[in-house]
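Listed below are the residues making up each chain.
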Amino acid sequence: MKYLDIYHLLKDKILKGEYPAGAPVEGEHALAERYGVSRPTIQKAVSRLKRESFVHTRQGSGIFVNPPEFYQDNNVITLSERIHRDQTLDSIVLSYDIQPAGEALASLFSLQTEATLIHYRRMRIINQQPAIIEETWMPQTLFPDFVQDNCRHSVLQYIEQTCGLTISHDVKTWSGKMLNADEAWLLRLSEGEIRLQISHKVYLQSGQLAQYTLETLSTNSVTTVSMR
């Protein structure tokens with residue numbers, strides 16, 4: 001079992017509340033025994049959880065789970081992982097195609113202009129209410145087996161768990177966007193309203209840009225966390 005498997009297992013337990021906020025996680029030795037791996041493997045997994053603000057360590061005391069506010073909007077986690085137990089999440093694929101990169105996107109992904117990109121739009125619905133319109137581009141050469149059905153599930157989990165690639169970080173940019181007629185109809189809002197748009201540049205550990213996404217939200221609410 002690799003460190004990435006341990007990382008996903010522990011993260012999943014935190015997100016499901018099996019390790020509540022403020023609760024201690026077993027020590028490195030106990031975790032190594034439980035999962036049959038070496039302590040350096042556990043240390044690597046815990047280091048990533050710390051880097052993504054899921055846990056913190058106290059010298060001489062152990063590993064402790066952070067409150068959800070520390071990691072929900074500040075790291076590369078999927079929308080489905082942020083959904084609470086009393087909420088439902090559905091995805092509707094609005095479009096899916098393979099398109100030439102073109103000059104701007106080729107430059108963004110450091111590709112040749114004739115390279116092809118996976119391109120899809122989907123609606124994310126929370127508790128049967130439209131929440132987010134996502135438009136995403138991904139290099140086809142990096143994900144040759146990606147098909148439309150993959151859009152119905154967590155694409156970040158597809159990248160890490162199916163493709164075996166490690167996501168390093170997500171560069172986010174917030175801006176305001178005036179809704180066009182199509183976006184307003186999908187989000188059940190009025191054309192011309194200003195809503196929050198977040199651009200995501202998701203990078204692999206190798207430094208390669210794996211995904212570029214534009215999220216248009218039905219709300220303008222933003223939460224930020226400062227840590228010391």
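Values in this document were obtained by computation on a predicted structure and should not be read as measured data. (Residues numbered from 1 in each chain as written. Predicted model: local features only at pLDDT ≥ 70, side-chain atom pairs only at ≥ 80, totals over all residues. Heavy atoms only, no water.)

Enquirer: I tried to follow the overall build of the protein on my own but got confused; where do I start?
Expert: When its secondary structure is counted, the protein shows seven helices and nine strands. Counting only residues that meet the buried cut, the protein has 45% of its 228 residues in that class. Long-range pairs, those at least 24 residues apart, make up 57% of the contacts in the protein with a sequence separation of at least 6. Carbon together with sulfur atoms contributes 48% to the accessible area of the protein, which is approximately 12,200 Å² in total. (Helix = DSSP H or I, 4+ residues; strand = E, 2+ residues; numbered from the N terminus. Buried < 20%, exposed > 50% of the residue type's maximum accessible area, 1.4 Å probe, protein only. Contact = heavy atoms within 4.5 Å. Areas by Shrake-Rupley, 256 points an atom, 1.4 Å probe, with all protein chains shown as cover.)

Enquirer: Can you walk me through the packing of helix 2 (residues 28–35) against helix 3 (residues 39–51) in this structure?
Expert: To characterise two packed helices, one gives the angle between the axes of the helices and the distance between these axes. Relative to each other, helix 2 and helix 3 sit at 110 degrees, their axes nearing to 9 Å. The orientation of helix 2 with respect to helix 3, classified from their angle, is roughly perpendicular. Here helix 2 runs over helix 3; the crossing is right-handed. Along the contact surface, helix 2 presents E28, H29, L31 and A32, while helix 3 presents R39, I42 and Q43. A breakdown of the residues in the contact of helix 2 with helix 3 according to their chemical character gives three nonpolar, two polar and two charged. (Axes fitted to C-alpha atoms, helices over the stretch in contact; angles between N-to-C directions. Parallel < 35°, antiparallel > 145°, perpendicular 65-115°, else oblique. Left-handed = near helix turned anticlockwise from the far one by under 90°. Nonpolar A, V, L, I, M, F, W, Y, C, P; charged D, E, K, R; others polar.)

Enquirer: Is there a simple way to explain the sheet that holds strand 1 (residues 24–25) in this structure?
Expert: Whenever strands of a sheet pair, they do so through backbone hydrogen bonds, lying parallel or antiparallel. One open sheet holds the three strands; their spatial order is 1-3-2, and the pairing between them is antiparallel. Sheet topology places strand 1 and strand 2 (55–58) at the edges, where each strand pairs with a single neighbour. (Pairing = 2+ DSSP bridges.)

Enquirer: Looking at this structure, I do not really get the packing of aromatic side chains. What am I missing?
Expert: Within a pair of aromatic rings, the relevant descriptors are the distance that separates the centres and the angle that separates the planes. Across all of its chains, the model carries three aromatic pairs by this definition. Connected via pairs of aromatic rings, a cluster forms that spans Y120, F146 and Y158. (Phe/Tyr/Trp six-rings, centres within 6.5 Å; stacked < 30°, edge-to-face > 60°.)

Enquirer: Before we go on, may I ask you to explain unusual backbone geometry in this structure?
Expert: Most peptide bonds take the trans configuration, and most residues that are not glycine carry a negative phi. Positive phi, normally seen in glycine, also occurs at S53, with a value near 70 degrees. With respect to the helices and strands, S53 occurs in the loop between helix 3 and strand 2. Positive phi, normally seen in glycine, also occurs at R188, with a value near 60 degrees. Tracing the backbone through its elements, the reader meets R188 in the loop between helix 7 (181–187) and strand 8 (194–204).

Enquirer: What am I meant to see in helix 6 (residues 155–162) here?
Expert: Working note: α-helix, 3.6 residues per turn, so residues spaced by three or four point in the same direction. For helix 6, every residue scored as buried is listed here: V155, L156, Y158, I159 and E160. The backbone nitrogen of Q157 has a side-chain oxygen 3.1 Å away, supplied by the residue at the start of helix 6, namely S154. Positive backbone phi, approximately 75 degrees, marks G164, located one or two places after helix 6. (Polar contact = N/O pair within 3.5 Å; in protein donor to acceptor, adjacent residues only side chain to side chain.)

By themselves, these observations are geometric and do not establish any function.
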